[in-house]
Amino acid sequence: MPPDAGPDAPLVTAMRARELGRKSVVVGDRVGLVGDTSGAAGALARIVRIAERTSVLRRTADDDETTAEGRLERVVVANADQLVIVSALADPPPRTGFIDRCLVAAYDAGIEPLLCLTKADLAGPEAVLDYYAELELPYVLIRPDSDLDALRDLLAGRISVMVGHSGVGKSTLVNRLVPDAARAVGTVSAIGRGRHTSTSAVALRLPRDPAHGEDAPAGWIVDTPGVRSFGLAHVSADSLLHGFPDLVEGTVDCPANCPHTPDETACGLDAWVTAGKADARRLASYRRLLASRSGEGDAREPDQRNPGVREE
């Protein structure tokens, strides 16, 4: 799936060769093929080699690494260089806890995040942007009548994976970006939950934008099924902190091997927040993720409430 593949490149049907053993092939993998690669009807090639991955975005089914389910690690996509976190501003309301989890997963994988805020005609972005003010997180606002030019510019020439809760308008957005995608579109229930309309991850080549020149790479987007959780049991405690770059400097004065938990009186993060260097909600979110990752808490039950913004 090279980002510079031409629009006329054939679509090849291929199966994994037996010599690869149990090595799995995931969306985004760059592979070596043998056999009939013409793309003609009935043609079949074999995947005989999987190139080294430049990045791997993973998630675990749950945060409790003491259970088999919690240790189940899933590769979402390989070789992506941008994670587009799609969140609605209303119906359903934004969940900063979910966004925080996605950010941790992106930083852990070495993938740049982009926040895509949909349904901007129903609510303003101020509460969400204020929460992430210290991160300088790139974002784009989407309304039903948006021309999507700003988003297309950010996707051009890149391999972007799109994640989001069901009902946030991700499939609608994909269909607008790639008119031939025909991704299923669902509705949001009265309790603010969307139906899972996408059932599998799929890579879609973006149409070329004449504004970037005929020779400019168009880029790819990987649409993923709507998710209700983004488990981080596969992320180490140290890496988890790097998903909160606004808190990292506050740990300088922490004792060695500080667990950064609320009961650690010598932890420097509390003083960092008290001094106004970071948002208290960000520290609370970090500590919830720490607790839920070890099976000691539930990130879906925040200890603080942010009016208008749900934390999970």
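Above this text is the structure in question.
The structure contained in this document is the topic of the report that follows. (Residues numbered from 1 in each chain as written. Predicted model: local features only at pLDDT ≥ 70, side-chain atom pairs only at ≥ 80, totals over all residues. Heavy atoms only, no water.)

1. Section: the pattern of salt bridges
Evaluation of the coordinates by the stated rule reveals 11 salt bridges. One salt bridge in this structure joins Arg282 and Asp246, with 2.9 Å as the shortest N-O distance. With Arg282 in helix H8 (residues 280–293) and Asp246 in helix H6 (residues 245–248), the pair connects residues that are 36 residues apart, well separated along the chain. Of the two residues examined, Arg282 and Asp246, each falls in the buried class. (Salt bridge = Lys/Arg side-chain N within 4 Å of Asp/Glu carboxyl O. Helix = DSSP H or I, 4+ residues; strand = E, 2+ residues; numbered from the N terminus. Buried < 20%, exposed > 50% of the residue type's maximum accessible area, 1.4 Å probe, protein only.)

2. Thoughts on the sheet that holds strand S2 (residues 31–35)
Read from one edge of the open sheet, three strands run S1-S3-S2, paired in mixed fashion. Looking at strand neighbours, the two that pair on one side only are strand S1 (14–16) and S2, the edges of this open sheet. Pairs of neighbouring strands in the sheet enclose a mean axial angle of 40°, with direction left out of account. One ladder, built from five bridges, connects S2 with strand S3 (residues 45–50); its direction is antiparallel. Note that in S3 the partner of Gly35 across the bridge is Ala45. (Pairing = 2+ DSSP bridges. Axes fitted to C-alpha atoms, helices over the stretch in contact; angles between N-to-C directions.)

3. A closer look at the nonpolar core
Formed by 47 residues in total, the largest nonpolar core has its most connected members in Leu57, Leu83, Val161, Leu247 and Tyr286. Top element by residues in this core is helix H1 (residues 96–109). It accounts for eight residues. In this structure Leu247 touches Leu241, Leu269, Trp272, Ala278, Arg282, Leu283 and Tyr286, once residues within four positions along its chain are discounted. Listed in part, the 20 residues of the second largest apolar core include Val168, Val178, Leu204 and Leu206. (Core = buried A, V, L, I, M, F, W, Y, C linked by side-chain atoms within 4.5 Å. Contact = heavy atoms within 4.5 Å.)

4. Quick word on the packing of aromatic side chains
Aromatic rings in a pair are described by how distant their centres are and how their planes are angled relative to each other. The tally for this structure, following the rule as stated, stands at two aromatic pairs. Relative to Tyr132, the ring of Tyr131 has its centre 4.6 Å away and its plane inclined at 90°; by these criteria the two rings are edge-to-face. Comparing Tyr131 with Tyr132 shows no difference in burial state: the two are buried. (Phe/Tyr/Trp six-rings, centres within 6.5 Å; stacked < 30°, edge-to-face > 60°.)

5. Details of the packing of H1 against H8
For the pair H1 and H8, the least separation of the axes is 11 Å and the interaxial angle reads 70°. As summarised for this structure, H1 and H8 are arranged roughly perpendicular, according to the angle between their axes. Between H1 and H8, the contacting residues are Asp100, Arg101 and Val104 on the first element and Arg282, Ser285, Leu289 and Ser292 on the second. (Parallel < 35°, antiparallel > 145°, perpendicular 65-115°, else oblique.)

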